[in-house]
Amino acid sequence: MMKRRTLLQTGLIGLGTSVGTLLSPALPAIAKTSSLLDPKLLAKAKAALATHDASIKHKDTIGIADYGQHSAKPRFHLVDMMNGRTTSLLVAHGKGSDKKHTGWLQEFSNVPGSEASSGGSYRTAAAYVGKHGRSRRLDGLEPSNDMAYQRAIVIHGAWYVDNKMVSKHGKIGRSQGCFAFSESDLDQILHRLGSGRLLYADNG
């Protein structure tokens, strides 16, 4: 029988049975990278966590999308709030936020049909399998993103988000407003940002 310490290390404790069946049982190792996260943005995310304290059940890990950075950069940061370790990954922004596909987010929008990214604080919700495969729903907690559920703004994997795209095109592809990640990073994102955690998006 696996010891409790082992379960904690693999991130399996606290996941619901229904969620666990959607996710791969084998978790990738957490990358030990030097932090690329702007301290000012981290401070904003911590302030958001305090503001939405009653809505965020689990505070062990938060996700921060730094949309002030180019899409070729690993600009999504998983922050372990216990030890400060940060893992930085590629993430796409919406087509409506970068209509000329420059790789830079130009604007946020919360309007249905805009295909744009929305800034602000989100609460991670249920995992499910949809048109993009394994995904996780998000609840927008602020006026800037409170249409997230209705707009189907979620976490999912995408073929157009990986280092090969960066090498070939100097940028990754765009989503329809969702937080789209490399398929190779999806297990880590879905497990570490399980239901009831904060995801914070800003552009500086």
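Heads up: these notes are all about the structure in this document. Note that the structure is a prediction, hence the values are computed from the model and not measured.

What counts and how
Residues numbered from 1 in each chain as written. Predicted model: local features only at pLDDT ≥ 70, side-chain atom pairs only at ≥ 80, totals over all residues. Heavy atoms only, no water. Helix = DSSP H or I, 4+ residues; strand = E, 2+ residues; numbered from the N terminus. Buried < 20%, exposed > 50% of the residue type's maximum accessible area, 1.4 Å probe, protein only. Polar contact = N/O pair within 3.5 Å; in protein donor to acceptor, adjacent residues only side chain to side chain. Contact = heavy atoms within 4.5 Å. Pairing = 2+ DSSP bridges. Axes fitted to C-alpha atoms, helices over the stretch in contact; angles between N-to-C directions. 1 Å grid on protein atoms, 1.4 Å probe; cavity = no way out; pocket = protein on both sides within 12 Å on 5 of 7 lines; lining within 4 Å. Points joined across faces, edges and corners; volume = space filled by probe spheres on them. Nonpolar A, V, L, I, M, F, W, Y, C, P; charged D, E, K, R; others polar. Expected span 1.5 Å × (residues − 1). Arc of directions from axis to C-beta.

### A word on the side chain of Ser109
With respect to the helices and strands, Ser109 occurs in the loop between β3 (86–89) and β4 (120–130). The buried category is assigned to Ser109, whose relative accessible area is 17%. Of the polar contacts made by the side chain of Ser109, one reaches the side chain of Ser114; its length is 3.5 Å. If near-sequence neighbours (up to four positions away) are discounted, Ser109 is found in contact with Ser114, Ala116, Ser117, Ser118 and Arg151.

### Examining the sheet that holds β4
Backbone hydrogen bonds are what pair the strands of a sheet, in a parallel or an antiparallel way. The mixed open sheet is built from eight strands, whose spatial order is β3-β2-β1-β8-β4-β5-β6-β7. Looking along the sheet, the strands with just one partner apiece sit at the ends: β3 and β7 (179–181). Sheet twist, expressed as the mean angle between neighbouring strand axes with direction ignored, is 25°. Across five bridges, strand β1 (residues 61–66) lies against strand β2 (residues 76–80) in antiparallel orientation. Each bridged residue has a counterpart across the sheet, and for Thr61 the counterpart in β2 is Asp80. In the packing of helix α3 (residues 39–51) onto the sheet, contacts are made with β1, β2, β4 and β8 (198–202), and the angle to β8 comes to roughly 135°. Where helix α5 (residues 183–192) meets the sheet, its contacts fall on β1, β2, β3, β5 (133–140), β6 (154–157) and β7, and the angle it forms with β6 comes to roughly 145°.

### Focus on the pairing of β4
Taken together, the four bridges between β4 and β8 define a ladder with antiparallel strand orientation. Residue pairing for β8: Arg123 is matched across the bridge by Leu198. Connecting the antiparallel pair β4 and β5 is a turn made up of two residues.

### Description of the layout of surface pockets
Empty space within the second largest pocket amounts to approximately 210 Å³. Its residues assigned to classes, the lining of the second largest pocket shows five nonpolar, five polar and four charged.

### Brief notes about the environment of Ser109
Sequence spacing of Ser109 and Asn145 is 36 residues, and the spatial spacing of their C-alpha atoms is 8.0 Å. In terms of polar contacts, Ser109 uses its side chain to reach the backbone amide nitrogen of Val111, at 3.2 Å.

### Brief notes about α3
The first and last C-alpha atoms of α3 sit 18 Å apart over 13 residues, in line with the 18 Å expected at 1.5 Å per residue. Among the residues of α3, Leu41, Ala45, Ala48 and Leu49 are the ones counted as buried. What you see down the axis of α3 is that its buried residues fit within an arc of 105°, all on one side. Structural note: α3 exposes Pro39, Lys40, Ala50 and Thr51 on the side pointing more than 90 degrees away from its buried face. Residues of α3 that are buried sit in contact with β1, β4 and β8. The opening residue of α3 is Asp38, an N-cap whose side-chain oxygen sits 2.9 Å from the backbone nitrogen of Lys40.

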